[in-house]
Structure formats: C-alpha cells, structure tokens
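Per-entry structural report
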Amino acid sequence: MRKISVLLFLAWVGFLFYAGIALFTSGFLLTRLELTNHSSCQEPPGPGSLPWGSRGEPGACWMASRFSRLVLVLIDALRFDFAQPQLSHVSGEPPISLPFLGKLGFLQRILEIQPHHARLYQSKVDPPTTTMQRLKALTTGSLPTFIDAGSNFASYAIAEDNLVKQLTSTGRRVVFMGDETWNDLFPGAFSQAFFFPSFDVRDLHTVDNVDSGEWDVLITHFLGVDHCGHKHGPHHPEMAKKLSQMDQVIQGLVERLENDTLLVVTGDHGMTTSGNHGGDSELETSAALFLYSPTALFPSAPPEEPEVIPQISLVPTLALLLGLPIPFGNIGEVIAEVFSEVEDSQPHSSTLAQASALHLNAQQVSRFLHTYSTAAQDLQVKELHRLQNLFSKASADYQRLLQSPQGAEAALQTVITELQQFLRGVRAMCIESWARFSLVRMAGGAALLAATCFLCLLVSQWAASPGFYFRPLLIPMAWGLTGALVCAGLLATTGLKLDSVVLGAMAAVGSLLPFLWKAWASWGAKRPLAALLPMPGPVLLLLLIRFAGFFSDSFVIAEARAAPFLLISLILLLVAQLHWEGKLLPPKLLTIPRLGFLTPAGPPRHNGTHALGLGVGLLLCIRLAGLFHRCPEETPACSSSPWLSPLASMVGGRAKNVWYGACVGALAALLAAVRLWLRRYGNLKSPEPPVLFVRWGLPLMGLGTAAYWALASGADEAPPRLRALVAGASVMLPRAVAGLAASGLMLLLWRPVTVLVKAAAGAPRTRTVLTPFSGPPTSQADLDYVVPQIYRHMQEEFRGRLERTKSQGPLTVAAYQLGSVYSAAMVTALTLLAFPLLLLHAERISLVFLLLFLQSFLLLHLLAAGIPITTPGPFTVPWQAVSAWAFMATQTFYSTGHQPVFPAIHWHAAFVGVPEGHDFTWLSALLVGTNTFASHILFAVGCPLLLLWPFLCESQGPRKRRQPPGNEAEARVRPEEEEEPLMEMRLRDAPHHFNAALLQLGLKYLFVLGIQILACALAASILRRHLMVWKVFAPKFIFEAVGFIVSSVGLCLGIALVMRVDGAVSSWFRQLVLAQQKAGEQSSLVYTGAGSSAREAQSHLLPPCSQDLLASGTSLFYNSKS
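Every value quoted in this text rests on a predicted model; they were computed, and no experiment measured them. Position labels on residues start from 1 in each chain and follow its written sequence. Selection of residues for local features in this predicted model requires a pLDDT of at least 70, selection of side-chain atom pairs for listing and counting requires 80 or more, and totals for whole chains, interfaces and linings are taken over all residues. The basis for the side-chain values is all heavy atoms of the structure; hydrogens and waters are excluded.

Right, let's talk about the overall build of the chain for a bit. Across its full length, the chain carries 33 helices and 13 strands. Accessibility here uses a 1.4 Å probe with only protein chains present; expressed as a share of the type maximum, an area under 20% marks a residue as buried, one over 50% as exposed, and anything in between as partly exposed. A buried classification covers 55% of the 1122 residues belonging to the chain. Areas reported here follow the Shrake-Rupley algorithm with a probe of radius 1.4 Å; residue values treat only the protein chains shown as occluding. For the chain, the accessible surface area stands at approximately 46,900 Å², while carbon and sulfur atoms represent 62% of it. Under the scheme used here, helices are H or I runs from DSSP no shorter than 4 residues and strands are E runs no shorter than 2 residues, and both carry numbers assigned from the N terminus.

The structure is reproduced here in structure tokens:
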C-alpha cells in the first residue's frame, strides 16, 4: 500500500504541474480567432463598381482571369540564395565557392533570355518556419500564430477560406503530387492526388505522367531539398545534386507550358547553415519565388536586385490572376506589377490596372478587419481607426478617378501609394496584435506552478521526519479531486462552457488547497520557515542564479556554457565540503592477517586524494563533453562542433573510417564498462533471464548498432545493385535493436531479482580461519592458539562426513548478489534504454554517451562519499545530490548537440528505422521527440540511483565481526569471522523509511525541475513585450515544459522499477520459505562467502519458518562475491 501511495502522490504532483503549464500556455500562446466566412463571386468585397477589367467578361468574378491554368511547384526549403547564380570572381577578392550556387541555372537563363516573361523575388516568410504553418499562409493569406508550430506533426483541415477551396468551388480540377500534409489540410479537395509521407526522402518523378487535359491547377510539393538539408546540410555536395535535379524538373515543365498557363516556383521557407528550420533567422525566413508565363507578363526588365515581398502576397495575386475571389481572411498585398497592361503602350492603363487590383485587395482586407473586430477585441483600436480612415480616403480618390480617368497619372500613383500603406499597415498591426496574452490565465498558471513547488518542498521535508506516515497523503487529495469534479459537473449541467484546460486547473486547485492547509496545519506550522528550506547555502545560491538566469535572453542563449559552469561550481563545492567535514570514502583497505587475526580497520584516512580524483575526473568529462556543442544563431562568432553531423556527411573516406572506428570503440567501451560493473558486484552469475540477456543480448545490440552505423554512413556509396538491400537492412537493424531493448526491459520487469541461489544438504559449516606456519610454533601462546584451532577443524571434518552419510538432513540455501539487486536492475534498464536513444543520434554522439555514463558514475561516487548511511533510517538524499543530477541532465542536453529552439531539432531522427513511403507521422514525431529529450529520459529514470549508490559504496571489503564479551583466551580460541556490509539490504530493514526516501527523492527532483519551468513562465510573462520573446523566451518555455513532462514520467517509471524489484525480492523470499514449509524440511539460510551479521553472532542456523524472518528476514540477504 505504501508503494502505491508513493506512486499516486508523485503522479498527482505531476498532474498539478501539468495543469499549471497548460493554464499558463493557454494564456501565453493563444491562437488567433479563425473566421469561417468565405468570399464569393456573388458578393463583391465592397461598394462601388467592379474593376474595368471584369466588365462584360463571361464568367468574370471580381476581376477577369489572366490565366486559365496554374502550375504551382513548391520546393520545400528552397532558400532564396539557392536560386542565385554563381557569383563571378572579382579581382582582389577570394572566389566564392558554395555547392548550391548556380545549380538552378535554367531560372537564370530564362530571366536573361525572356526578361518580360519571368521574375525572381525574395519571399519574406513569417515565423514559425515550419511546413504546415507555411502551407496555411500560402493558401489563406493569413498569419499562423506561434503555437501552431506544435501541430506541425498533426495537421488539421483548414477551416478558413483558402485558394484550394475557391478553386474547387468554381469547378477547377486540382491535381496534387507530394507531401501528404496537403491531404490533412485539404481532405477530399483534389480531383487526383498522389501523396507521399512528409518524412519520405524520395522526390517526385511522376510529373510527366499526368495528362495535360486532366487538370486546371497542378500542385507539386517536392521534399528532396528539405530532406537533404536535414541530413547533410546546404553545403554538402548532395545539395548540389538535388538542386540540379530540381532545375531539370523546372526546365521540363517550362518546355510543356501552354500560353494560358502560369508557372509559380516557390519555397515554403529557407534553412539554416545546418539544414534546419523553424525559427526566425534571416536564412530561415528567406525563400525564393519565381513567376513565369509563356506570354509577356511584366512591363519592364527585372531589377538588378530582386524585390523583397511578403510570402502571403502570393495569395491575392494568384486569386485575381485566375479570376477567383480573394480568400476572406487574407491580409497579403497583391504584387502590383503583374497586373500591368504589357501590350498597351499607354502607361495610364497599366497604372489604372495596378490601382484596380490594389483597391480590390484593400476592399477585401477592410471587410475582413470589420468582421474580425466585431468578433474579437484584440486589435488595436486607435490603429484600426487610423487605417480605416486611410482606406476610406484612398477608396474615395480611386472612385473619383474612375469617373475621369484621363490625365490622372500622378493622382493614380498617389492612390496606389495610399492603398499600399493601408495594406502594409494592416499586416503590421495584425502581427503585433495577434501576439496577445491572457494575463489572468498566465497569472493563474504561474501561481499554480509556484504552489506546487512549495508543496514539493513541504512534503519532501515532512517525509524526512521520523514520524512521517503515508495515509495523510491521499485523503485530502481524494477529497479535493472529488470536490473539483463535482463543481465541474455542476458547471457542465448548467450549460456554461468550460474548456478542458480550465477544468483541469480547477481540479488541481481544488485538490491542492485542502492538502496544503492540512499539511501546514499538522506539520509545517510547528517548525520555523528556515526548516522548510534546509538546502545548504551554496546550493541555494546556485539554484537562485539558475532561476534568475532565465530572465535574461543572453543567459538563455548562453545556457550551453552556463549549465556546465554551475555544475562545475557545485562539484568543487562538494569536494571542498568533503575535505572540510572529513567524510571521504577511503580506498579499499588491505588487511594483513597474522596468527589468524585481522588487522583492525582504522578510522578513515581524512585526505582529499579520493574525492580530488573523482572531482578531476568529473571536470575532465564535462570539458570533453563540451566539445560537442551547437552554437546558437545569435552568436555568429561561435562555430558549432563538426562532430555533430552524421558520418554520411563526411567527404573523406579515411577520416570517415577513423571516426567510425572511434564510435565503435566507444560503443564497445560502454558495453565492457557495464559488464565489468555488474561482474564486480556479482550480478552476472545468476541464471535468471535478465542476466542471460545481459550476457548475450547486449553484445547483439552492440553489433546491430555498429552494423547500422556502417550502412548509414556508406549508403550513398553502395553499388546500385545493392542499394535496395542496404536500404532494407538500414530499416531492419534499428528495429531489431529496439526490439531487443524492449525484450530486455520486459524480462527485467518479469524477473527483476537476479539472485544466485545454491542449495545443498547438510548443515552449514562455520568458516574456520587457519593460519599457515612456516615451521613449528615458537612459543606457548602459539601452541595455546593453534592446538584448539586444529582440534576444531578436525571436529568439523568428522561432523561433515557423518552428516553426508545420513539419508536426510537439513537444507542449506545460500543467496548471492542481494546487496546490489536494486542498482543492478537500474543500471541494466538504463543501458537498455541507451541503445535505442543512441541510434537516434549521429554516430559520433556515442562518445558523448560514453562520457555520460562515466560522468554519472563519478558523480554518484562523489555524492555517495558525503551521504551518511543512517540505520535503521530515515534515509535522506541531500539537496546537493539532486541539484547536481538535474544540472548534469541539462549539460547533457547541450552536449548532445541540442538547443531549445526549433531550428536545432534533429529532424534526421525521424528517418531511423522508418521505411520509405511510410504513413506513420506520429512515429516520426515520437522519434524526433525522443531524440530531443534523451538526456531527460536517462537522468529521470536513473534518479533513484542517488538513493541507492551510497549503500552500494558501503562495500569496502570484509570487516571484522564483533565478538561477544569474554576473556581473551576465549576470544583467541574462537575463530575469527568476517562480516560483509549489508549494502542495499539495509533499505529492506526499514521498508517504511525506504518508501519515504523514494517519495522524498522524487519530490526534490520535481522541485528542482519545477522552479526551472516556473522561472521560464515568469520570464515569458514579465518580458512578453520583449524583442526576443518569440525568438528566445517562448521556445525556451516550450522546451522546458515538454522536458518537465518527459522527466516527470521518467522519474515515476524509475521509482516504479525500484518498487518492482523490492516487491519481487519479498515475493521471492516468501516463495522460498513457503516451499520449504511445504516440503516439511528443516531449512537454513546462510551468508555465503563471509561470516554472519552482528545480530546473529552464535550460529548460522536459523529457526525453520521463523516469523521474524518472514517479517524482516530479507535484511539477512546481502551481496557476496563468491
């Protein structure tokens, strides 16, 4: 029952944090209101006559169509400079040689040969630069909000008015090929569709298979450039090959275009120098836009520098060119020059055509503003009135000029300028206004997070007190949840609308307040406030520094260096504290026997050698792990580590082979270290299935991982006839490794007790220590000691022979490896988890994983040196241990090449073990998320080691067993026996304190993580109008929130594993005793390989079926390395 109470309470605390995060998020990252209104040909956008171009035209809508067909080629991640030519070498300057320059040469030739038919623009993209949000912008003309980035993996149908819906409503046949995201956004909208998964690395080669008479609009979405960027980066030769392929596709399309067809080639976003995207850097928000028509489209030659236009300007432009209504929610501005009358030599006609298109566009935007402002109150009132007055003046001038169009060229230019100012002002106002906040929800979420942190602090101190008991944990929580649910039911029955976030927050507050009142009244109020914050001063100072650092964008950007600094500072403080307090663990003491006596173990040697060695090793590991770093975009002077890229991106074969050998060596070293550790504590001798799996399954997983690395790094170099085989093996090997890891974890959960049991008939023999002599005894004292010893040995030999002749005799059961049974299960589970996580990273990250395990080992030993072992309890994990563990998790996050920004996400993880053409988008999202938060998973699951390791480090060699009081002669006659420490079985001596310690550990870890997410929430709310809020603070909050959720789940799983082992130990012992009861035999449980414990000084034999043994007898089982 205590175990269930601990897990339920930790789950409830996690729910409180989740409710606070959700409530704050709902106020901080609100989406804008989406209107469901639609434009139609029957409803003009505003009063007044239709433009001159639509009068008398059959089938004309707002404006007569310029083109009847459209080919839209969307090249994912087509950055603007990808479409630029190779720059000519200028004398005196070094030549520029970039693989991607000049590869779209056909575009440049068209621009030079047919300047009035083609135009290249730099399309300015609004963040977030993720594919789904860009597709929404390219079809609706609206601005997706920041929180939409979270749904990039789970697209939903667009409810707003959009180009695709306008095309289908007017009877146009739309054919699509490419990214399946379009199917999620526009289900059932295409007359023909050929979808490919979003993570499919194949490109489209089936454009030529579509009959020219079967479509009016052809949309193709090529994914290869984006995937090449994620996998290799833009500067890799593979990017040049992919762009050259796209150039051939465009050339083939141009050659087949008819005169009534418009070709649009554009990118949805750009990419960083590492090939990623999602943020708002210059390279990510810069995309190429190319327009081409077989007939003349532009009145003049293109400018020397391409014009920069907003990406959403394409929406109203295409709508009017195709004779469609502009989508209702569009706020983009038409590209005015495409509406010029090229064939008319009179400039007045061209200017009037441009003014007509802009006026229609402005009318549509004004109508949207009027509708939106009545439905939502988040637009700035003063700015809205100013813009409406500007539009009214420009519209009146335009209508007046229509009545007398002759000789009004200057007036038309003024109208065009006013209309453009209105459209650009609307866009700027919407960008600023739609970053709105709900201060009430933000404050409520932050308050709930702060209250939950206080709850963790209060209960963690309560659990460390000797009088702590578990029942009060669940009663107020149950009553509070019941009351919150009743209130929610009443509100629901009354018809009040209540969203799930508010309902969850109500349940959290309703359960939290009664518990805080009860806990404070019964325990907290009786103690001074200083007792509730028992952290050492230096640890508290470091936590406060980290808390304050989240309020500075510079510190958040430089956290990759700040986190190791804080960790190093804490390590130095730990070493100094150990030296000052004399709590150093000495090396294993050597005992020299003389005349059968063991030299008494003296007091610990209080020197700093042992702790200094651990500290130096830790600092070295942290420094080496820091070499694997990714520089933030805000620090251009910094250069990211080249070791973060996959081996496949390397060009040199010899260097690739050397790195591959180093990666395999790190993998082998990791396996060898784990096996040596398990062998040192005797956990490889059991015939249990988990031990057999560690012996044989882990090497197989290592071989599978090394084979996958070899195939992935050389897949592009494989012969053509073997590429299919290599591709299949590259999919199956990660699946096999993941399957083996899952099988090992299932075996560990099924049989977690890896104990070696030996049973033999016959009474256990007391171990007699005989001292060899080189010659006869030299004194009477030697004779007095040796003769009784020889006599006792002869007596035991005779007794043993006599008992072996009996047909029946007592059964002796010897148990091994119980002293490290908990730690062995944790280390095995972490190793099994590490292999799938390692596969999701680049090969050279294996060196970081090796450093991670070594670093954790050194830190645990250093922390264990300062944690006293109190018997029989209560057990406590100090705050400095929990803080150091949390700091190391953050440091590992950065050492594995991650950053809390969307462009730094390792998208290549989505391809690991996934076949081409798959449609499991959720699986790819899961793989990417697991790669991102791998450090959170490992350190959260391994958090119970902070409690277990000090007991494991108690094993410093056999100790002299206590002798009962008596005279010296009896002491000399009595054989000396060794006592091995109980190690982790001390926790079994006090199960109540054991469970309380697990609860305390979990709450402390959640508190340290909780203050981080609280600091991010407060920083985002206080600095919500800061220039860097969407670039730094909002992504940091999102990453910390998701990381907290992952860590809390991993923490519960780690504690549950320890409890599973504890329950299995109890079950194993009960079954052993009951089996002997059923057999009716006398049984004895002995300590093997050493003498008995201090509480059993006289005999190894225990009473059969002792009730005391059943109650706490498992404390008699301990580690023995026989």
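Turning to the side chain of Glu333, a few remarks are in order. Here Glu333 shows up in the loop between helix H8 (314–321) and helix H9 (347–375). A residue is classified by how much of its surface remains accessible, and Glu333, at 12% relative accessible area, is buried. Polar contact criterion, stated in full: a pair of N or O atoms within 3.5 Å, where within protein one must be able to donate a hydrogen and the other to accept it, and residues adjacent in sequence count only if both atoms are side-chain atoms. At 2.9 Å, the side chain of Glu333 and the side chain of Arg424 are in polar contact. Beyond its immediate stretch of four places on either side in the chain, Glu333 contacts Ser313, Pro316, Thr317, Leu358, Asn361, Gln420, Leu423 and Arg424. We call two residues in contact whenever any of their non-hydrogen atoms come within 4.5 Å of each other.

With that settled, the discussion passes to the packing of aromatic side chains. Here is the rule: rings of Phe, Tyr and Trp (six-membered ring for Trp) pair when centre to centre is within 6.5 Å. Planes less than 30 degrees apart are stacked, more than 60 are edge-to-face, and the remainder are tilted. A full pass over the atoms with the stated rule returns 27 aromatic pairs. Ring plane angle 55° and centroid distance 4.7 Å describe the contact between Phe17 and Phe1044, whose orientation is recorded as tilted. A residue pair is termed long-range when its members are at least 10 positions apart, and Phe17 in helix H1 (residues 2–28) and Phe1044 in helix H32 (residues 1029–1079) qualify at 1027 residues. With a centroid separation of 5.2 Å and 85° between ring planes, the pair formed by Phe893 and Tyr894 is classed as edge-to-face. What makes Phe893 buried here is its relative accessible area of 6%. Overall, the relative accessible area of 5% leaves Tyr894 in the buried class. Ring-over charges, as used throughout, are those where CZ of Arg or NZ of Lys falls within 6 Å of the ring centre and within 35 degrees of the ring normal. Above the ring of Trp659, the side-chain terminus of Arg844 is found at 5.0 Å from the ring centroid.

This next bit is on empty space enclosed by the protein. Put plainly, a pocket is an open set of points on a 1 Å grid over the protein atoms alone with protein on both sides within 12 Å along at least five of seven lines, a cavity is a set where a 1.4 Å probe fits but cannot get out, and a lining residue has an atom within 4 Å of a point. Grid points are joined across faces, edges and corners, and a volume is the space filled by probe spheres set on the points. With the rule as written, the count across this model stands at 11 cavities of 30 Å³ or more. By volume, the largest cavity is sized at about 200 Å³. Taken together, 19 residues form the lining of the largest cavity, with Thr890, His936, Gln1012, Glu1040 and Gly1043 sitting closest to its centre. Top element by residues in the lining of the largest cavity is H32. It accounts for six residues. Taken together, the residues of the lining of the largest cavity sort by class into 10 nonpolar, five polar and four charged. Quantified by volume, the second largest cavity comes out at close to 170 Å³. Amino acid classes used here: Ala, Val, Leu, Ile, Met, Phe, Trp, Tyr, Cys and Pro are nonpolar; Asp, Glu, Lys and Arg are charged; the rest, including Gly, are polar.

Strands pair, by our definition, only if DSSP identifies at least two bridges between them. The strand order across the open sheet formed by eight strands is S4-S3-S5-S1-S6-S7-S2-S8, and the pairing between neighbours is mixed. The open sheet has two free edges, formed respectively by strand S4 (192–196) and strand S8 (308–310), since each of these has just one partner strand. The sheet shows a mean angle of 20° between the axes of neighbouring strands, taken without regard to direction. Both strand S2 (residues 118–124) and strand S7 (residues 286–292) contribute to a ladder of seven bridges, which runs antiparallel. Following the sheet pairing, Arg119 is matched in S7 by Leu291. Helix-sheet contacts for helix H2 (residues 105–113) involve S2 and S7, and the interaxial angle to S2 is about 125°. Orientation is described by axes fitted as lines to C-alpha atoms, over the contacting stretch for helices, and by angles from 0 to 180 degrees between their N-to-C directions.

With that out of the way, let us pick up the nonpolar core. Buried residues of nine kinds, namely Ala, Val, Leu, Ile, Met, Phe, Trp, Tyr and Cys, make up a nonpolar core once their side-chain atoms join them within 4.5 Å. Of all hydrophobic cores here, the largest spans 170 residues; its most connected members are Leu946, Leu999 and Tyr1005. For this core, the leading source of residues is helix H31 (residues 991–1022), giving 20 residues. Cys61, Leu318, Val365 and Leu369 belong to the second-largest nonpolar core, a separate cluster that totals 81 residues.

Right, let's talk about the state of the cysteines for a bit. The disulfide definition used here is simple: a pair of cysteine sulfur atoms within 2.5 Å. With the rule as written, the count across this model stands at two disulfides. Through a disulfide, Cys631 is tied to Cys638; the S-S separation comes to 1.8 Å. Its torsion about the S-S bond being -50°, the disulfide of Cys631 and Cys638 is classed as left-handed. Taking only the cysteines that form disulfides and numbering them from first to last, the chain has the pattern 1-2, 3-4. Left unpaired, Cys456 is separated from the closest cysteine sulfur, that of Cys453, by 6.3 Å. By relative accessible area, which is 0% here, Cys456 ends up buried.

Right, let's get into the pattern of salt bridges. We define a salt bridge as a side-chain nitrogen of Lys or Arg found within 4 Å of a carboxyl oxygen belonging to Asp or Glu. Tallying each qualifying case throughout the model produces 17 salt bridges. Among the salt bridges present, the one from Asp81 reaches Arg79, with a minimum N-O distance of 2.8 Å. Of the two residues, Asp81 and Arg79, neither departs from the other in class, the shared state being buried. For Arg119, the salt bridge goes to Glu337, with nearest N and O atoms at 3.5 Å. Taken together, the residues Arg119 in strand S2 and Glu337 in the loop between H8 and H9 connect sequence positions 218 residues apart. Each of the two residues, Arg119 as well as Glu337, counts as buried. A network of salt bridges, in which partner residues are shared, links Lys393, Asp397, Arg400 and Glu418.

With that settled, the discussion passes to the pairing of strand S3 (residues 174–179). Along S3, six of the six residues are buried, which leaves the element largely enclosed by surrounding structure. Pairing of S3 with S4, which is carried by five bridges, proceeds in the parallel orientation. Across the sheet, Phe176 pairs through a bridge with Ala193, a residue of S4.

This part covers the side chain of Ser823. For Ser823, the position within the fold is in helix H23 (residues 821–839). Ser823 has contacts with Trp677, Leu945, Leu948, Leu952 and Glu984, leaving out every residue within four places of it along the chain.

Bringing the packing of helix H24 (residues 846–864) against helix H25 (residues 879–895) into the picture now. Direction vectors running N to C along H24 and H25 enclose 170°, while the axes themselves pass 11 Å from each other. The angle between the axes of H24 and H25 places the two elements in the roughly antiparallel class. Counting all contacts with H24, which are made through Val848, Leu852, Gln855, Ser856, Leu859, Leu860 and Leu863, the residues of H25 involved are Gln880, Ala881, Ala884, Trp885, Met888, Gln891, Thr892 and Ser895. Of the residues in the contact of H24 with H25, the class split is nine nonpolar, six polar and no charged. These descriptions rest on fixed angle ranges, namely under 35 degrees for roughly parallel, over 145 for roughly antiparallel, 65 to 115 for roughly perpendicular, and the rest for oblique.

Let us look at the pairing of S2. Consecutive side chains along a regular strand alternate between the two faces of the sheet. Taking burial as the measure, the seven residues of S2 include six buried ones, the bulk of the element. Where S2 lies against S8, three bridges are found, and the strand directions are parallel. What sits directly across from Ser123, in S8, is Ile309.

Between the first and last residue of a helix there are one fewer steps than residues, each counted as 1.5 Å, and that sum is the expected span. End to end, H24 covers 27 Å across 19 residues, agreeing with the expected 27 Å (1.5 Å per residue, within 8%). The buried count for H24 comes to 14 of 19 residues, which makes it a mostly enclosed element.

As a further point, take the confidence of the model for the chain. Note on scores: pLDDT gives the predictor's confidence for each residue, bounded by 0 and 100. Summing up the model confidence of the chain, the mean pLDDT is 78 and the portion of residues at 70 or higher is 75%. At the low end of the mean pLDDT range in the chain sits helix H33 (residues 1107–1112), at 36; at the high end sits helix H27 (residues 934–941), at 96. Segment residues 805–809 is flagged for pLDDT under 50; beyond a separation of four residues in sequence, or across chains, it makes zero contacts in the model. Here residues 957–979 scores under 50 on pLDDT; set against residues more than four positions off or in separate chains, the count is 51 contacts.

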